[in-house]
Amino acid sequence: MSGTKYVDSEGFLYTAPVREQGNIYKPNNKMMADELSEKAVHDVHTKEIDLVNRDPKHLNDDIDFEDVIAEPEGTHSFDGIWKASFTTFTVTKYWFYRLLSAIFGIPMALIWGIYFAILSFLHIWAVVPCIRSYLIEIQCISRVYSICIHTFCDPLFEAIGKVFSSIRATVRKEI
């Protein structure tokens, strides 16, 4: 659609409405063209990662020396031994973690990537369609069930209600 003017059958002059969004392949407004070019450049798989805060959602709170080794009151080792134990624990944990992540980090990332890809695939292509199909089918069955209940049970319960509605109970206290 363009912004050109046209005359209708009664002689009135109109302007044709301009489409704000345009075609998704050839947008006619600058704002949409800029949005599409930004989306084309931005790729979710190559997003910037934070090398400082590597656990922003706090999934793995670190296990510290005090979480593993603790001396109760009245039972303390020498201060030098305690400091050396702390340093040994911390340095050993740090370097073994780095060594294990260097050896197994990429293979484990590959395994977990494959696992979550399979999980996503099954969720998108199997689980959700099965649930939607079930809900569609159960909706039909629930209508039939509702019709049967209203047809057979409602009159029966109304009749029973009318029978018992004429019963009157009085309570007397005799001395």
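Thresholds applied
- Residues numbered from 1 in each chain as written.
- Predicted model: local features only at pLDDT ≥ 70, side-chain atom pairs only at ≥ 80, totals over all residues.
- Heavy atoms only, no water.
- UniProt positions renumbered as here; feature names shortened; annotations may be inferred.
- Helix = DSSP H or I, 4+ residues; strand = E, 2+ residues; numbered from the N terminus.
- Buried < 20%, exposed > 50% of the residue type's maximum accessible area, 1.4 Å probe, protein only.
- Contact = heavy atoms within 4.5 Å.
- Areas by Shrake-Rupley, 256 points an atom, 1.4 Å probe, with all protein chains shown as cover.
- Phe/Tyr/Trp six-rings, centres within 6.5 Å; stacked < 30°, edge-to-face > 60°.
- Patch = residues over 30% accessible without salt bridge, like charges linked within 9 Å, V, L, I, M, F, W, Y side chains within 5 Å.
- Salt bridge = Lys/Arg side-chain N within 4 Å of Asp/Glu carboxyl O.
- Expected span 1.5 Å × (residues − 1).
- Bend = angle between axes of the 7 residues up to and from the residue.
- Disulfide = S-S within 2.5 Å.
- Polar contact = N/O pair within 3.5 Å; in protein donor to acceptor, adjacent residues only side chain to side chain.

Going by the annotation in an unreviewed UniProt entry, the name recorded for the chain is Caveolin, with Taeniopygia guttata given as the source organism. Note on the chain: under the UniProt heading Sequence similarities (unreviewed entry), the record states "Belongs to the caveolin family." Of the chain, the UniProt comment under Function (unreviewed entry) reads exactly: "May act as a scaffolding protein within caveolar membranes. Interacts directly with G-protein alpha subunits and can functionally regulate their activity."

1. What to know about the overall build of the chain
Regarding its fold elements, the chain presents 3 helices and 2 strands. Reading the helices (α) and strands (β) of the chain from amino to carboxyl end gives β-β-α-α-α. For the chain, the proportion of its 175 residues judged to be buried stands at 3%. Look at the contacts in the chain between residues 6 or more apart in sequence, and 10% of them connect residues 24 or more apart. About 17000 Å² of surface is accessible on the chain, with carbon and sulfur atoms providing 66% of the total.

2. So, the packing of aromatic side chains
Applying the stated rule across the entire model yields 4 aromatic pairs. A ring pair is formed by tyrosine 94 and tryptophan 95, whose centres lie 5.2 Å apart and whose planes are at 85°; its orientation type is edge-to-face. Between the aromatic rings of tyrosine 115 and phenylalanine 116, the centroid separation amounts to 5.1 Å while the plane-to-plane angle is 75°, which identifies the pairing as edge-to-face. On the basis of relative accessible area, tyrosine 115 is assigned to the partly exposed category, the value being 42%. Ring pairing ties together the aromatic residues Trp112, Tyr115 and Phe116, which thus form one cluster.

3. Focus: a nonpolar patch on the surface
Side chains of Phe96, Leu99, Leu100, Ile103, Phe104, Met108, Ile111, Trp112, Tyr115, Phe116 and Leu119 sit close together on the surface and give an oily, nonpolar patch of about 1100 Å² of accessible area. Examined against the element boundaries, leucine 99 turns out to sit in helix 3 (residues 79-165).

4. Remarks on the environment of histidine 123
Along the chain, histidine 123 falls in helix 3. On the basis of relative accessible area, histidine 123 is assigned to the partly exposed category, the value being 45%. Residues contacting histidine 123, with those up to four places away along its chain left out, are Val128 and Pro129.

5. Points about the environment of tryptophan 82
Structurally, tryptophan 82 can be placed in helix 3. If we ignore the near neighbours within four places in the chain, the residues touching tryptophan 82 are Phe65, Ile69, Ala70, Glu71 and Ser77.

6. Here we look at helix 3
When the terminal C-alpha atoms of helix 3 are compared, their 87 Å separation across 87 residues is substantially less than the 129 Å that a helix rising 1.5 Å per residue should span. At phenylalanine 104, helix 3 is bent by approximately 50°, the largest bend along its length, and proline proline 107 sits one to four residues beyond.

7. A word on the state of the cysteines
All chains considered together, the criterion is met by 0 disulfides. Counting only cysteine sulfurs, cysteine 148 is the nearest neighbor of cysteine 153, a cysteine outside any disulfide, at a range of 8.9 Å. The exposure class of cysteine 153 is partly exposed, given its relative accessible area of 24%.

8. What about the environment of serine 101?
Here serine 101 shows up in helix 3. On the accessibility criterion, serine 101 (31% relative accessible area) is partly exposed. Here arginine 98 takes part through its backbone oxygen, which lies 3.0 Å from a polar atom of the side chain of serine 101.

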